[in-house]
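# An overview of the molecular structure
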Amino acid sequence: MTTIPVSGEGFRAYDVEVGSGLTSDIAARVTPFLKNQRTLIITDSRVGPLHAGTLSAALEASGITAPVVTLPAGEETKGWDGLKDLTDAMVDAGLDRKDVVIALGGGVIGDLTGFAASVYMRGIDFIQIPTTVLAQVDSSVGGKTAIDHPKGKNLIGAFHQPRLVLCDLDLLKTLPVRDIRCGYAEVIKYGLLGDRAFFDWLEANDQAVLALEPAAIEYAVSRSVEMKAEIVAADEREGGQRALLNLGHTFGHALEAELGFGATLLHGEAVAIGMGMAFRYSARMGLCDQAEADRAVAAIAQAGLPTHMHHIRNAAFAADVLIKHMGHDKKAEGGKLVFVLVKGIGEAFVAKDVPADSIREFLIAEGATA
Ligand SMILES: NC(=O)c1ccc[n+]([C@@H]2O[C@H](COP(=O)([O-])OP(=O)(O)OC[C@H]3O[C@@H](n4cnc5c(N)ncnc54)[C@H](O)[C@@H]3O)[C@@H](O)[C@H]2O)c1
Ligand SMILES: O=C(O)C(=O)C[C@@H](O)[C@H](O)[C@H](O)COP(=O)(O)O
Ligand SMILES: [Zn+2]
């Protein structure tokens, strides 16, 4: 097991534990964070039947009341209706300020539960037990919690750090391959944004990671969490370098918004395409060698991920509509778009002076309509 501490100015430190079998002694691991012998497990309709019963039973066997709230699986749940249903369930369960909720699921359940915990009685504690690769390497760490607004991704949210994150690698064994690949998109993002050696390792070991081979997945999750913890520690509220974690997201979130946040394009797939676009745009603007962009795109594709907008079946995009969506990006300043661009693999930077015309021309070159 690897323990990665997350600490920074302005928030209480916590640990991210990565390893196999962590939830087999769940009661011992969460008890230090419970003030009452009571919790509420929040999960979704796919994860619940697979894992929530075991977890709840183990907690109950140790004298901890742990009922389960099950929400519909899918990104659609990460909206106002999902937040209402969840907060209703928290009220019905009679949770008080000293109670702690447990998010058991992927990024959707983690982001939604974290946000509900941040507003319920003006803030209660929560624990993350991420069950997707994406949630283990990214969404469970760092305290960004939110719901989507029809006009933009994660537009309504709060920074609310968890008390503990348990990345039990065994929970990933039931994950469909499409979702494993989505998680891999956020894993390779770390190499692409700031660790060339990690990228090299991933390029050589991607199939082992995707097959969840124990040593490979443990290293991929731990290294990703380590990088995220370091960035969040330095800049929790995204005043500066935390924006690097948004590589591929300005393009990706615009595609997600245009497609209505559903199963046509999952977040990891949108990020994969967005990273391809960020590298190709950077090369087009002379910021990065074309060979670097080609290598980055090839590594994303080698993992079975999409890299271009035309890889999304039955979808067409208009350049101006995508730019309008980008206007809702949280990095935008004074109406100006901000992008994470690259000088090469492992060398991302925040670009605040990106001309909208050049983005429009690029989108058209990428297949969007004028
Ligand atoms: N807060 C952050 O920093 C952050 C970072 C990255 C992504 N996100 C958000 O995370 C969300 C995407 O997360 P995701 O990819 O985990 O999606 P998800 O939560 O929808 O999970 C993907 C699918 O896998 C299923 N699933 C989850 N765990 C499973 C398991 N162990 N076995 C079988 N099925 C399982 C779910 O039911 C769902 O159908 C997006 O909303 C994105 O915006 C947030
Ligand atoms: O933690 C961060 O910071 C990230 O940007 C991680 C992203 O992978 C994640 O998708 C995040 O939710 C995007 O944040 P947003 O502020 O662009 O909504
Ligand atoms: Zn993301």
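Residues numbered from 1 in each chain as written. Chains lettered and ligands numbered in written order. Predicted model: local features only at pLDDT ≥ 70, side-chain atom pairs only at ≥ 80, totals over all residues. Heavy atoms only, no water.

This brings us to the site of ligand 1. Taken together, 28 residues form the shell around ligand 1, and within it D44, R46, T131, T132 and T174 come nearest. Take T174: an N or O atom from its side chain is 2.7 Å from a nitrogen atom of ligand 1. When ligand 1 sits alone it has 850 Å² of accessible area, and the protein chains cover 93% of it. Along the lines of polarity and charge, the residues of the shell around ligand 1 split into eight nonpolar, nine polar and eleven charged. Both domains that furnish three or more residues to the shell around ligand 1 are identified here as domain 1 (2-174) and domain 2 (177-366). (Near = heavy atom within 4 Å. Polar contact = N/O pair within 3.5 Å; in protein donor to acceptor, adjacent residues only side chain to side chain. Areas by Shrake-Rupley, 256 points an atom, 1.4 Å probe, with all protein chains shown as cover. Nonpolar A, V, L, I, M, F, W, Y, C, P; charged D, E, K, R; others polar. Domains from an automatic or database assignment.)

Let's shift gears to the state of the cysteines. Inspection of every chain in the model, using the stated rule, returns zero disulfides. Residue C182 stays outside any disulfide, its sulfur separated by 17 Å from that of C167, the closest cysteine. (Disulfide = S-S within 2.5 Å.)

Segmentation of the chain into domains returns domain 1 (2-174) and domain 2 (177-366). Between domain 1 and domain 2, the residue contacts involve 35 residues of the former and 36 residues of the latter. Summing both sides of the interface, domain 1 and domain 2 together bury roughly 2,900 Å²; the carbon and sulfur share of this comes to 65%. Considering only the side of domain 1, the residues that lose the most area to domain 2 are V137, K153 and F159, jointly responsible for 21% of the buried surface there. The tally of links from domain 1 across to domain 2 stands at four salt bridges. E256 serves as the salt-bridge partner of K153, at 3.1 Å between the closest nitrogen and oxygen. Looking at the side of domain 1 that touches domain 2, its residues break down into 15 nonpolar, eleven polar and nine charged. (Contact = heavy atoms within 4.5 Å. Buried area = accessible area lost by both parts, 1.4 Å probe. Salt bridge = Lys/Arg side-chain N within 4 Å of Asp/Glu carboxyl O.)

Turning to the nonpolar core, a few remarks are in order. Grouped together as the largest cluster of nonpolar side chains are 82 residues, with contacts concentrated most on V16, L192 and L363. Sorting elements by how many residues they give to this core places helix α10 (residues 267-284) first, with ten residues. Here this core spans two domains, since at least three of its residues come from each of domain 1 (2-174) and domain 2 (177-366). Filtering out sequence-adjacent residues up to four positions away, V16 remains in contact with T2, T3, I4, V6, V141, V165, C167 and V225. (Core = buried A, V, L, I, M, F, W, Y, C linked by side-chain atoms within 4.5 Å. Buried < 20%, exposed > 50% of the residue type's maximum accessible area, 1.4 Å probe, protein only. Helix = DSSP H or I, 4+ residues; strand = E, 2+ residues; numbered from the N terminus.)

On to the site of ligand 2. Of all residues adjacent to ligand 2, which total 14 residues, the nearest are D138, N154, K228, R242 and K330. The separation between an oxygen atom of ligand 2 and a polar side-chain atom of K144 is 2.8 Å. The contact in question runs from an oxygen atom of ligand 2 to an N or O atom on the side chain of N154, over 2.8 Å. Considered on its own, ligand 2 offers 430 Å² of accessible surface; in the complex 92% of this is hidden by protein.

Turning our eyes to something else, we now look at the sheet that holds strand β3 (residues 39-44). Overall, mixed pairing links the seven strands, which are arranged β1-β2-β9-β6-β5-β3-β4 in an open sheet. For this open sheet the edge positions go to β1 (2-8) and β4 (68-71), each flanked by a neighbour on one side alone. Each strand axis lies, on average, 15° off the axis of its neighbour in the sheet, ignoring direction. Examined bridge by bridge, strand β6 (residues 125-130) and strand β9 (residues 164-168) share two bridges and lie parallel to one another. Pairing of I127 across the sheet is with L164, part of β9. Where helix α4 (residues 107-119) meets the sheet, its contacts fall on β3, β4, β5 (100-105) and β6, and the angle it forms with β5 comes to roughly 165°. Against the sheet, helix α8 (residues 214-234) engages β1 and β2 (11-19), with an angle of about 15° to β1. (Pairing = 2+ DSSP bridges. Axes fitted to C-alpha atoms, helices over the stretch in contact; angles between N-to-C directions.)

Turning our attention to the environment of E186. You can see E186 is positioned in helix α6 (residues 177-194). On the basis of relative accessibility, which here comes to 1%, the residue E186 falls in the buried class. Taking the C-alpha atoms as reference, E186 lies 10 Å from Q136; in sequence the two are 50 residues apart. Here E186 is in contact with L134, V137, D138, H249, H267 and V271, once residues within four sequence places are set aside. In terms of polar contacts, E186 uses its side chain to reach the side chain of H267, at 2.9 Å.

Looking now at the side chain of S222. Examined against the element boundaries, S222 turns out to sit in helix α8. Setting aside chain neighbours within four positions, we find S222 in contact with T2, I4 and V18.

Cross-referencing UniProt, the feature "domain: 3-dehydroquinate synthase C-terminal" (unreviewed entry) maps to residues 183-332 in the present numbering. With 65% helix and 0% strand, residues 183-332 has end C-alpha atoms that lie 26 Å from one another. (UniProt positions renumbered as here; feature names shortened; annotations may be inferred.)

Here we come to the UniProt feature "domain: 3-dehydroquinate synthase N-terminal" (unreviewed entry) in the chain. In the numbering adopted here, UniProt assigns the feature "domain: 3-dehydroquinate synthase N-terminal" (unreviewed entry) to residues 69-181. Strand forms 30% of residues 69-181 and helix 34%; the C-alpha atoms that close the span are 27 Å apart.

In this structure, E186 (OE), H249 (NE2) and H267 (NE2) serve as the protein donors to the zinc ion (ligand 3), at separations of 2.0 to 2.1 Å. Considered as a linear motif, the donors of the zinc ion (ligand 3) on their single chain read E-x62-H-x17-H. Here the residue E186 occupies a position in helix α6, and H249 occupies one in helix α9 (residues 249-258), the gap between them amounting to 63 residues. Here E186 and H249 have matching classes, each one buried. (Donors = N, O, S within 2.8 Å, 3.2 Å for Na, K, Ca; no water.)

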